[in-house]
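The residues making up each chain are set out below.
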Amino acid sequence: MKLACPSLDGEVLSISHPVYCVVQEADIISTVEFNHTGELLATGDKGGRVVIFQREPESKTEPFSQGEYNVYSTFQSHEPEFDYLKSLEIEEKINKIRWLPQQNAAHFLLSTNDKTIKLWKVSERDKRPEGYNLKDEEGRIKDISTVTSLQVPVLKPMDLMVEVSPRRVFANAHTYHVNSISVNSDYETYMSADDLRINLWHLDITDRSFNIVDIKPANMEDLTEVITAAEFHPHHCNLFVYSSSKGTLRLCDMREAALCDKHSKLFEEPEDPSARSFFSEIISSVSDVKFSHSGRYLLTRDYLTAKVWDLNMESKPLETYQVHDYLRSKLCSLYENDCIFDKFECAWNGSDSVIMTGAYNNFFRMFDRNTKRDVTLEASRESSKPRAVLKPRRVCAAGGKRRKDDISVDSLDFTKKILHTAWHPNENIIAIAATNNLYIFQDKLNSEMH
């Protein structure tokens with residue numbers, strides 16, 4: 001993707017209400033995830049629903065047009081619950097969705113709310129059996145004495161039906177809120193992480209899991225940090241990483257011990273004492289961590305920056321990108337309105353050469369690791385009409401010189417935030433969740449070449 005002259009065009013998929021309506025809390029998108037081929041895209045929302053979009057095949061009448069994403073299936077993944085022992089309500093909000101690699105005609109995905117993880121099977125049916133010997137057309141059992149001849153049942157074509165069914169429910173293993181799930185490269189196990197513990201599950205076993213990380217102190221008054229995100233290495237099934245609210249990353253090797261309380265590597269950037277402030281610890285908390293597709297690098301996001309770490313260098317990040325440094329002077333007001341605690345996610349492109357993360361005012365940022373160029377783009381209905389080319393946006397600091405189309409930092413809308421993003425695993429297609437709208441953009445240069 002050429003960031004010097006970005007030419008993303010896109011489509012808007014509104015999966016709830018038009019923008020002029022009051023946004024319902026349940027309709028706010030809380031996670032976005034492409035499957036391993038990029039043909040399916042799943043979103044979860046605060047109402048516990050999962051919406052799956054499927055990429056349409058290229059049109060025969062327009063062979064050079066890329067297939068668009070249309071709604072494939074919608075289902076209710078989680079319902080609100082109540083923990084009677086602790087007198088706590090458990091929200092239905094979908095925290096994370098992770099696809100399993102496709103093994104047959106069906107697709108499988110994991111979805112989780114704060115406490116319960118579920119495995120879902122998504123399959124298609126376009127034929128129905130007819131001609132049963134012991135059942136009538138409505139499915140009622142026949143009187144055997146009336147059966148005078150035997151016939152071979154046949155499959156008759158029917159309208160395509162997408163069926164979604166729960167296959168496993170993994171519950172009662174987390175005391176605290178689940179913030180991450182990650183499928184292992186062995187495709188048999190996955191892990192789930194909450195604030196203080198990480199559990200390892202087998203996909204076929206629901207009644208027990210193995211605790212592989214436990215940072216809960218004996219006395220909770222001694223608690224100094226919490227787990228914020230965790231992910232398995234894409235190729236080595238024994239390695240995983242987890243991030244903390246102190247800004248550190250710990251790489252663990254499950255071959256060393258059953259309980260990975262002792263990390264193999266600790267990635268931590270030394271703090272500049274001269275730059276320390278009241279907000280230092282809050283803004284250094286890592287909100288997301290992602291392995292590169294190659295498995296060589298780690299991408300992390302804290303409040304103001306995105307960082308790329310080399311697994312072979314623990315002392316400092318390989319690259320640091322300022323996402324919205326102009327907010328540094330606004331930290332006090334962002335603390336007062338709780339925005340400073342927002343958890344932004346980050347994503348790699350398919351070749352690990354470009355990274356993407358969200359910001360405020362429905363802006364999202366892209367950084368080219370090779371050319372060191374960056375761009376700010378906006379996901380909004382006004383600027384994202386179908387096939388419209390996105391124009392770069394620029395935010396100027398308070399008191400700075402403004403150009404014609406610049407937006408002042410004082411004019412930013414902090415209620416409009418891009419927290420959740422996803423990048424197609426192979427192509428320059430991105431999905432951006434902006435409140436209750438899903439935006440899908442693709443590289444125009446790339447689409448014209450196909």
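Residues numbered from 1 in each chain as written. Predicted model: local features only at pLDDT ≥ 70, side-chain atom pairs only at ≥ 80, totals over all residues. Heavy atoms only, no water.

### Considerations on the overall build of the protein
In step 1: The secondary structure content of the protein amounts to three helices and 32 strands.
In step 2: Across the 450 residues that make up the protein, the buried fraction comes to 50%.
In step 3: A separation threshold of at least 6 residues defines the contact pool for the protein, and within that pool the share at least 24 residues apart is 54%.
In step 4: When the accessible surface of the protein is split by element, carbon and sulfur atoms take 50% of a total near 22,900 Å². (Helix = DSSP H or I, 4+ residues; strand = E, 2+ residues; numbered from the N terminus. Buried < 20%, exposed > 50% of the residue type's maximum accessible area, 1.4 Å probe, protein only. Contact = heavy atoms within 4.5 Å. Areas by Shrake-Rupley, 256 points an atom, 1.4 Å probe, with all protein chains shown as cover.)

### Regarding the sheet that holds strand E21 (residues 297-301)
In step 1: Taking strand neighbours across the sheet as the criterion, the four strands line up as E20-E21-E22-E23 in an open arrangement whose pairing is antiparallel. Each having just a single partner strand, strand E20 (288-291) and strand E23 (319-322) make up the two edges of the open sheet. Here the strands of the sheet are splayed against their neighbours by 15° on average, with no regard to which way each runs.
In step 2: As judged from the four bridges shared by strand E22 (residues 305-310) and E23, these two strands associate in the antiparallel manner. Looking at E23, one finds that Val308 is bridged to Glu319. (Pairing = 2+ DSSP bridges. Axes fitted to C-alpha atoms, helices over the stretch in contact; angles between N-to-C directions.)

### Quick word on the nonpolar core
In step 1: Grouped together as the largest cluster of nonpolar side chains are 30 residues, with contacts concentrated most on Tyr303, Leu327, Leu334, Ile355 and Leu412.
In step 2: Going through the elements one at a time, E21, E22, helix H2 (331-336), strand E24 (346-348) and strand E26 (363-368) are the ones with two or more residues in this core.
In step 3: Setting aside residues no more than four positions away along its own chain, Ile355 makes contact with Leu299, Ala306, Val308, Tyr321, Ala347, Trp348, Arg365, Met366, Phe367, Arg369 and Trp423.
In step 4: Among the nonpolar cores identified, the runner-up in size contains 16 residues, and Ala347, Ala379, Leu390 and Trp423 belong to it. (Core = buried A, V, L, I, M, F, W, Y, C linked by side-chain atoms within 4.5 Å.)

### Side note on the packing of aromatic side chains
In step 1: One pass over the structure, following the stated rule, counts 19 aromatic pairs.
In step 2: Plain terms: the ring middles of Phe170 and Trp201 are 5.3 Å apart, the flat faces sit at 70° to each other, and that makes the pair edge-to-face. One end of the pair, Phe170, is in strand E11 (residues 154-170); the other, Trp201, is in strand E14 (residues 197-202), and 31 residues separate them in sequence.
In step 3: Overall, the relative accessible area of 1% leaves Phe170 in the buried class.
In step 4: Measuring from ring centre to ring centre gives 6.0 Å for Phe267 and Trp309, while their planes differ by 75°; the resulting arrangement is edge-to-face. Of this pair, Phe267 sits in strand E19 (residues 265-267) while Trp309 sits in strand E22, placing them 42 residues apart in sequence. Comparing Phe267 with Trp309, the two get one shared label, buried.
In step 5: Feature note: the residues Phe278, Phe279, Tyr335 and Phe341 constitute an aromatic cluster, connected by ring pairs.
In step 6: Lying over the aromatic face of Tyr297, Arg369 brings its terminal NZ or CZ to 4.7 Å of the ring centre. (Phe/Tyr/Trp six-rings, centres within 6.5 Å; stacked < 30°, edge-to-face > 60°. Lys NZ or Arg CZ within 6 Å of the ring centre and 35° of its normal.)

### Focus: the sheet that holds strand E16 (residues 227-232)
In step 1: The sheet built from four strands is open, its strands ordered E16-E17-E18-E19 with antiparallel pairing. Edge positions in the open sheet fall to E16 and E19, since each of these has one partner strand only. Going across the sheet, the axis of each strand differs from the next one's by a mean of 20°, ignoring polarity.
In step 2: In the sheet, strand E17 (residues 239-244) pairs with strand E18 (residues 249-253) via five bridges, with the strands oriented antiparallel. When the bridges of E18 are listed, Tyr242 appears paired with Arg250.

### Thoughts on the confidence of the model for the protein
In step 1: Residue-level pLDDT values for the protein average 87, and 90% of them are 70 or greater.
In step 2: In this model residues 14-21 is a low-confidence stretch, pLDDT under 50, and it forms 15 contacts with partners more than four residues away in sequence or in other chains.
In step 3: Contacts for the low-pLDDT stretch residues 446-450, under 50 throughout, to residues beyond four places or in other chains number nine contacts. (pLDDT = per-residue confidence, 0-100.)

### Details of the pairing of strand E3 (residues 40-45)
In step 1: Within E3, six of the six residues are buried, which leaves it mostly tucked inside the rest of the structure.
In step 2: In E3, alternate side chains face the same way, and those of Leu40, Ala42 and Gly44 on one face and Leu41, Thr43 and Asp45 on the other are all buried.
In step 3: In terms of strand pairing, strand E2 (residues 29-34) meets E3 through five bridges, oriented antiparallel. Each bridged residue has a counterpart across the sheet, and for Glu33 the counterpart in E3 is Ala42.
In step 4: In this antiparallel pair of consecutive strands, E2 and E3, the connection spans five residues, and Gly38 shows a positive phi of 85°.
In step 5: Here E3 runs beside strand E4 (residues 49-55); their pairing, made up of five bridges, is antiparallel. By the bridge assignment for E4, Gly44 is matched with Val50.
In step 6: Where E3 folds back on E4, the antiparallel hairpin that results is connected by three residues, among which Gly48 adopts a positive phi of roughly 85°.

### Comments concerning unusual backbone geometry
A negative phi angle characterises most non-glycine residues, just as the trans form characterises most peptide bonds.
In step 1: Here Asp352, not a glycine, exhibits a phi torsion of approximately 65°, which is positive.
In step 2: Mapped onto the elements, Asp352 comes out in the loop between E24 and strand E25 (354-358).
In step 3: Classification of Asp352 as buried rests on a relative accessible area of 9%.
In step 4: For Asn361, which is not a glycine, the phi torsion comes out positive at approximately 65°.
In step 5: Position of Asn361 among the secondary structure elements: in the loop between E25 and E26.

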